[in-house]
Amino acid sequence: MSTTIRRAATALTSFSLSMLALTACDPGSADAAAPEKTTTVGASAPKQSDSASTGGTASATPTRSSTSEGSGEGSTGGQAPSEGDVPTCRSHQLKLTVTPVSRPVNHALITATNASHSACRIPRNQPVVTFDELDGQADLMGKATSSETALEVGKSAYAALMLSRADQEGGKTVQNVNIALTADAQPTAVQIAGNPLVINDPQVSTWYATSAEALLY
């Protein structure tokens, strides 16, 4: 019996060695294993492609940012009008008054108030002042201003009107003063507040922002 078992074991051992030898010599086994490794590498390639796709999505962000910046520039493009954009005042926009003053003597104050609904600029020249009872117009008194006076709604500009020199006598009695902003503008007849005035060689200043400045002349 033991002899039979040893023979069987010897035969099994010989068979196993024969199978191992055949497996080592069969090139098909190595070839069969190779496709499995190639498939694994190939499966990682789509992952790289996915990563590249993600990178493409990130690259779209600067485009959106630049669009936002562009709209921001557009929103700040509109600027408020500067003082240079304020139009020149027209006679119909202004309420004009002529009021005699006690000091200086023989003076009256011309007031131009912006009665419109928007700001305007008083011309830098003196108002053109004439009288129905006299020929010509009032001469410039004092210095010509170098800038225009901007009037917001309800604000006023002032000019001094000298009726006559202190050393002069006589003259014409007037009740109205004709005032134009420029030489080519239509004058407005303004009734003098209070009693009529006696005019003799009148002079007028340019416009000022305050009555005190105007009445210095």
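Residues numbered from 1 in each chain as written. Predicted model: local features only at pLDDT ≥ 70, side-chain atom pairs only at ≥ 80, totals over all residues. Heavy atoms only, no water.

Asker: So what's going on with the sheet that holds strand 4 (residues 128-130)? Which residues, and what values?
Answerer: Pairing is antiparallel across the open sheet formed by 3 strands, whose spatial order is 4-9-10. Each end of this open sheet is capped by a strand with a single partner; those strands are strand 4 and strand 10 (188-191). Sheet twist, expressed as the mean angle between neighbouring strand axes with direction ignored, is 30°. (Pairing = 2+ DSSP bridges. Helix = DSSP H or I, 4+ residues; strand = E, 2+ residues; numbered from the N terminus. Axes fitted to C-alpha atoms, helices over the stretch in contact; angles between N-to-C directions.)

Asker: Before we move on, could you go through the state of the cysteines and cite the residues and values that matter?
Answerer: Put plainly, two cysteines are in a disulfide when a covalent bond ties their sulfur atoms together. All chains considered together, the criterion is met by 1 disulfide. Each sulfur of the disulfide joining Cys89 and Cys120 lies 2.0 Å from the other. Taking the sign of the S-S torsion, about 85° here, the bridge from Cys89 to Cys120 comes out right-handed. Residue Cys89 is found in the loop between helix 3 (61-75) and strand 1 (94-101), and its partner Cys120 is found in strand 3 (residues 120-122); the two are separated by 31 residues along the sequence. (Disulfide = S-S within 2.5 Å.)

Asker: So, the pattern of salt bridges: which residues are in play, and what are the values?
Answerer: Using the criterion set out here, one finds 1 salt bridge in the structure. Here Arg165 ties to Asp201 by a salt bridge, and the two come within 3.6 Å at their closest N and O atoms. Highlighted residues: Arg165 in the loop between strand 7 (156-162) and strand 8 (172-174) and Asp201 in the loop between strand 11 (197-199) and strand 12 (203-204), separated in sequence by 36 residues. (Salt bridge = Lys/Arg side-chain N within 4 Å of Asp/Glu carboxyl O.)

Asker: Residues and numbers for the confidence of the model for the protein chain, please.
Answerer: The predicted coordinates ought not to be read in detail in places where the model reports low pLDDT. Residues of the protein chain with pLDDT of at least 70 account for 60%, and the chain-wide mean is 72. Of all secondary-structure elements in the protein chain, the lowest mean pLDDT belongs to helix 3, at 36, while strand 2 (residues 107-114) reaches the highest, 97. Low pLDDT, under 50, characterises residues 1-5; the stretch is placed with 0 contacts to residues that sit more than four places away or in other chains. In this model, residues 20-81 is a region of pLDDT below 50 whose contacts with residues beyond four sequence positions or in other chains number 1 contact. (pLDDT = per-residue confidence, 0-100. Contact = heavy atoms within 4.5 Å.)

Asker: Lay out the nonpolar core in plain terms, naming residues and giving numbers.
Answerer: The biggest cluster of nonpolar side chains holds 27 residues, and the ones touching the most others in it are Leu94, Val98, Ile110, Ile122, Val129, Leu161 and Trp207. The residues touching Leu94, leaving out its near neighbours within four places in the chain, are Cys89, Ala112, Thr113, Asn114, Ala115, Cys120, Ile122, Leu151 and Leu181. (Core = buried A, V, L, I, M, F, W, Y, C linked by side-chain atoms within 4.5 Å. Buried < 20%, exposed > 50% of the residue type's maximum accessible area, 1.4 Å probe, protein only.)

Asker: Can you tell me about the side chain of His107, naming the residues and giving the values?
Answerer: As for its position among the elements, His107 is in strand 2. According to the relative accessible area criterion, His107 is buried, its value standing at 6%. Polar side-chain contacts of His107 include one of 2.7 Å to the backbone oxygen of Val105. (Polar contact = N/O pair within 3.5 Å; in protein donor to acceptor, adjacent residues only side chain to side chain.)

Asker: Residue-level account of unusual backbone geometry, with values.
Answerer: A cis geometry characterises the amide bond from Arg103 onward to Pro104, with omega recorded as -5°. Within the fold, Pro104 resides in the loop between strand 1 and strand 2. Despite not being glycine, Asn106 has its phi angle at roughly 60°, a positive value. Relative to the elements of secondary structure, Asn106 occurs in the loop between strand 1 and strand 2. The backbone of Asp201 sits at a positive phi, close to 55°, despite the residue not being glycine. Its relative accessible area of 31% is what places Asp201 among the partly exposed residues.

Asker: Can you tell me about the sheet that holds strand 2, naming the residues and giving the values?
Answerer: If you trace the 5 strands from one edge of the open sheet to the other, you get 1-2-7-12-5, paired in mixed fashion. With partners counted over all chains shown, the strands left at the sheet margins are strand 1 and strand 5 (139-140), one partner each. When strand 2 meets strand 7, the two strands line up antiparallel, connected through 7 bridges. Paired with Leu109 across the bridge in strand 7 is Ala160.

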